[in-house]
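Structural overview
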Amino acid sequence: QVQFVESGGGLVQPGGSLRLSCAASGFNISNYDMAWYRQAPGKQRDFIALITSSGSAGYVDSVRGRFTISRDNYKNMVYLQMDSLEAGDTAVYYCAWQVTRKYWGQGTQVTVSS
């Protein structure tokens, strides 16, 4: 069965950095586009970053230049490096198999606060 386990979140000050990890199981991610989403309190879950099977990355404007998505197909892992964090980045972060968008893990909480 397809499963995702996100980790690496925590409390960080504005301007700080975090690296999130996503361990995928139940399928081989190597041939698929993978993505990160986030859900802030009281809001819908929003797409923020995509990485294609060949390693090309794309981002929404709000995180472009600050976040970097990457992947390790041999470990079946997806990562999100987050730099210059802002209060508006506070959310639960989820990874996703982009073509399906129907399997979700527990997410990992990121809180940006001074």
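Presented here is an overview of the structure given in this document. Counting restarts for each chain: residues are numbered from 1 in the order of the written sequence. Totals for whole chains, interfaces and linings use all residues, but because this is a predicted model, local features are given only for residues with pLDDT of at least 70 and pairs of side-chain atoms are given and counted only at 80 or more. Hydrogens and water are ignored here; the side-chain numbers use all heavy atoms of the structure.

What follows covers the overall build of the protein chain. A tally of regular secondary structure across the protein chain gives zero helices and 10 strands. Secondary structure elements in the protein chain, listed N-terminal to C-terminal, are β-β-β-β-β-β-β-β-β-β. With the C-alpha coordinates of the protein chain rotated into their principal frame, the extents come out at 40 × 25 × 20 Å. Looking at the protein chain residue by residue over its 114 residues, the buried ones come to 43%. Put simply, of all contacts in the protein chain between residues at least 6 apart along the chain, 53% involve residues at least 24 apart. With an accessible surface of roughly 5900 Å², the protein chain has 46% of that area assigned to carbon and sulfur atoms. When charges are counted, Lys and Arg contribute as positive and Asp and Glu as negative, whereas His and the chain ends are disregarded. The atoms used to mark charge sites are NZ of Lys, CZ of Arg, CG of Asp and CD of Glu. Looking at the protein chain, you have 10 positive and 8 negative side-chain charges, and the mean spots of the two groups are 5 Å apart. Numbering of helices and strands starts at the N terminus; helices are DSSP runs of H or I of at least 4 residues and strands are runs of E of at least 2. Three labels apply to residues, based on accessible area from a 1.4 Å probe with only protein chains included: buried if under 20% of the type maximum, exposed if over 50%, partly exposed otherwise in between. Residues are treated as being in contact if the distance between any of their heavy atoms lies within 4.5 Å. Calculation of accessible area relied on Shrake-Rupley with a 1.4 Å probe; when residues are assessed, cover is drawn exclusively from the protein chains displayed.

With that settled, consider the pattern of salt bridges. Salt bridge, as used here, is a side-chain nitrogen of Lys or Arg placed within 4 Å of a carboxyl oxygen of Asp or Glu. Here the structure, examined in full by the defined rule, presents four salt bridges. A salt bridge links Asp89 to Arg38; the nearest nitrogen and oxygen atoms lie 2.9 Å apart. Highlighted residues: Asp89 in the loop between β8 (77-82) and β9 (91-97) and Arg38 in strand β4 (residues 34-39), separated in sequence by 51 residues. Look at Asp89 and you get buried, because its relative accessible area is 1%. Of the residues examined, Arg38 reaches a relative accessible area of 12% and is grouped as buried. A salt bridge links Arg66 to Glu86, with the shortest nitrogen-to-oxygen separation between them at 3.8 Å. Remark: Glu86 occurs in the loop between β8 and β9 and Arg66 occurs in the loop between β6 (57-59) and β7 (67-72); sequence separation between them is 20 residues. Exposure remark for Arg66: the relative accessible area of 12% places this residue in the buried category. Judged by its relative accessible area of 41%, Glu86 falls in the partly exposed class. A single salt-bridge network, built from bridges that share partners, covers Arg38, Arg66, Glu86 and Asp89.

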